[in-house]
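Topology and contacts: notes
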Amino acid sequence: MSFWKHVNKVIQKADILLLVLDARLIEETRNQELESKIYSSNKPIIRVLNKCDLISKEKAQRLKKQIISSVFVSSTEFLGTTKLKEKIMITASQNDIKKPIKVGVVGYPNVGKSSLINALKGKSSAGVSASSGYTKGAQDIRINKNIVLIDTPGVIPYKEKNLYKHGITSTVDYSKVKDPDMIIYELMEKKPDLFEPLDVSDPQKALEEIAVKYNFLQKGAKPDIQRASRKILKELQKGNVAIGE
């Protein structure tokens, strides 16, 4: 069964949908096609902004005002999991959903769905990998007597050909990304805060500085910006936000 068939089945089966997003890269990890399917199903949706420990408190406060029905969570630091369970129970009560509540966990590849499930469960229940597509099919995982989570593989829209999004979300592994420097230039333009305290007003100069910092040099001591770009993508895909330090 294809990934999309699994996801369609989960949307149909679930009482509530958790849409998991990367708190650092919300727009980049939004899946418009997936969201459209959820809205068409008329199922309640809770937006889970995972990896919230990798953004500043100020940014988190701004996002809370912008994104409705959202819960901020850090799967690795076990932050927000209790609040998320409470949100699920409240949402179920508001929609007259009987227990056990079936909750589908959906989202872009590598946003941390399996890690989120493990944090909610309190022990490893779903396999975790930094490579997209690790979860091969839907899995039912009981969190407690009231909540059953349905994990799904990460999916990308059929028509999406955005190499920038694929690179920074590890839909394509950092080692296989074509033109990594172009992705980093775009990332510097869109997300300069990820590179603080480095000045990225001149992206090429900033990338050259990073290359020199890591001693990534070509013949003639010329900065190897391709290698530096892959280093940045690797850090981003592995969850290291301190790119500019």
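Treat the numbers as computed from the prediction; the structure is a model and nothing was measured.

Judged by nonpolar contacts, the single largest core of 24 residues is most densely connected at I168, I184, L187, M188, F195 and L207. Listed by contribution, the elements that provide at least two residues to this core are α6 (163–168), α7 (180–190), α8 (203–213) and α9 (225–237). Excluding anything up to four places from it in sequence, I168 contacts L25, E28, I183, L187, L233, L236 and Q237. Ranked by size, the runner-up nonpolar core spans 23 residues in total, among them I46, V73, L84 and I117.

Now for the pairing of strand β2 (residues 45–50). Burial within β2 is extensive, with 6 of its 6 residues counted as buried. Of the two faces of β2, both are covered, the one formed by I45, R47 and L49 as well as the one formed by I46, V48 and N50. Judged from the 6 bridges that link them, strand β1 (residues 16–22) and β2 form a sheet pairing that is parallel. Bridge assignment links L19 to a residue of β2, and that residue is R47. Handedness of the β1-helix α2 (residues 32–41)-β2 crossover: right-handed. Of the strand pairs in this sheet, β2 and strand β3 (residues 70–72) are connected by 3 bridges, and their pairing is parallel. Note on β3: the bridge partner recorded for R47 is S70. Between the parallel elements β2 and β3, the chain passes through helix α3 (residues 57–66) in a crossover that is right-handed.

In this structure, the second largest pocket occupies an estimated 300 Å³ of space. Around the second largest pocket, the lining comprises 13 residues; the ones closest to its centre are C52, A60, K64, F72 and K83. If you list the elements that add at least two residues to the lining of the second largest pocket, you get α3 and β3. For the lining of the second largest pocket, the leading source of residues is α3, giving 4 residues. Residue composition of the lining of the second largest pocket, by class: 6 nonpolar, 3 polar and 4 charged.

On to unusual backbone geometry. Geometrically, the link from K99 to P100 is a cis peptide bond, its omega value of -5° lying close to zero. Mapped onto the fold, P100 is located in the loop between α4 (81–94) and β4 (101–107). Backbone geometry at D179 places phi at a positive 50°, although glycine is not the residue there. Note on D179: relative accessible area 51%, which makes it exposed.

As a further point, take the environment of V10. Relative to the elements of secondary structure, V10 occurs in helix α1 (residues 3–13). For V10, a relative accessible area of 2% puts it in the buried group. Remark: the alpha-carbon pair of V10 and V106, spanning 96 residues in sequence, is separated by 8.7 Å.

Reading the values: the criteria
- Residues numbered from 1 in each chain as written.
- Predicted model: local features only at pLDDT ≥ 70, side-chain atom pairs only at ≥ 80, totals over all residues.
- Heavy atoms only, no water.
- Core = buried A, V, L, I, M, F, W, Y, C linked by side-chain atoms within 4.5 Å.
- Buried < 20%, exposed > 50% of the residue type's maximum accessible area, 1.4 Å probe, protein only.
- Helix = DSSP H or I, 4+ residues; strand = E, 2+ residues; numbered from the N terminus.
- Contact = heavy atoms within 4.5 Å.
- Pairing = 2+ DSSP bridges.
- Right-handed = clockwise from strand over helix to strand, strands pointing away.
- 1 Å grid on protein atoms, 1.4 Å probe; cavity = no way out; pocket = protein on both sides within 12 Å on 5 of 7 lines; lining within 4 Å.
- Points joined across faces, edges and corners; volume = space filled by probe spheres on them.
- Nonpolar A, V, L, I, M, F, W, Y, C, P; charged D, E, K, R; others polar.

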